[in-house]
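# Survey of secondary and tertiary structure
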Amino acid sequence: MNGEARQEANTALLINSIGEVLEELTAGMTLLPGTIIATGTPAGVGMGFDPPKFLRPGDVVECEIEGIGVLRNTVG
């Protein structure tokens, strides 16, 4: 956020593997191309800080997936 690395993680830190998540989901639904699967959040969320840190208008949030690219959003 705003150039500060607050959350750094990768899929190796998930409780369930991506394969297990996909197996569970597809047992009850059809996943279409572009489906987003929310898997939770790594350590470093705003409520965990003392005092808590919340997003404000103008903050820039970046999410990067190695080999795919960066998703960058500015909070409105």
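Everything discussed here concerns the structure shown above.
Structural notes, computed from the coordinates. (Residues numbered from 1 in each chain as written. Predicted model: local features only at pLDDT ≥ 70, side-chain atom pairs only at ≥ 80, totals over all residues. Heavy atoms only, no water.)

## A few points about the pattern of salt bridges
- Inspection of every chain in the model, using the stated rule, returns one salt bridge.
- Arginine 72 is paired through a salt bridge with glutamate 62; the nearest N and O atoms lie 2.6 Å apart. Separated by 10 residues along the polypeptide, arginine 72 in strand β2 (residues 69-74) and glutamate 62 in strand β1 (residues 60-65) bring together distant segments of the chain. (Salt bridge = Lys/Arg side-chain N within 4 Å of Asp/Glu carboxyl O. Helix = DSSP H or I, 4+ residues; strand = E, 2+ residues; numbered from the N terminus.)

## Remarks on the side chain of aspartate 59
- One can find aspartate 59 in the loop between α1 (18-26) and β1.
- An unpaired buried charge is present at aspartate 59: no salt bridge exists, and arginine 56, the closest side chain of opposite charge, is 4.5 Å distant. (Buried < 20%, exposed > 50% of the residue type's maximum accessible area, 1.4 Å probe, protein only. Lys, Arg positive; Asp, Glu negative; His and termini not counted.)

## Some remarks on the pairing of β1
- As judged from the six bridges shared by β1 and β2, these two strands associate in the antiparallel manner. Of the residues in β2, the one forming a bridge with valine 61 is asparagine 73. (Pairing = 2+ DSSP bridges.)

## Regarding the packing of aromatic side chains
- One pass over the structure, following the stated rule, counts zero aromatic pairs.
- Across the ring face of phenylalanine 49, the terminal group of lysine 53 is positioned such that the distance to the ring centre comes to 4.3 Å. (Phe/Tyr/Trp six-rings, centres within 6.5 Å; stacked < 30°, edge-to-face > 60°. Lys NZ or Arg CZ within 6 Å of the ring centre and 35° of its normal.)

## What about a nonpolar patch on the surface?
- Taken together, Ile18, Leu22 and Ile37 make up a surface patch of nonpolar side chains, about 210 Å² in accessible area.
- Topologically, isoleucine 37 is positioned in the loop between α1 and β1.
- Judged by relative accessible area, isoleucine 37 falls into the partly exposed class, the value being 31%. (Patch = residues over 30% accessible without salt bridge, like charges linked within 9 Å, V, L, I, M, F, W, Y side chains within 5 Å. Areas by Shrake-Rupley, 256 points an atom, 1.4 Å probe, with all protein chains shown as cover.)

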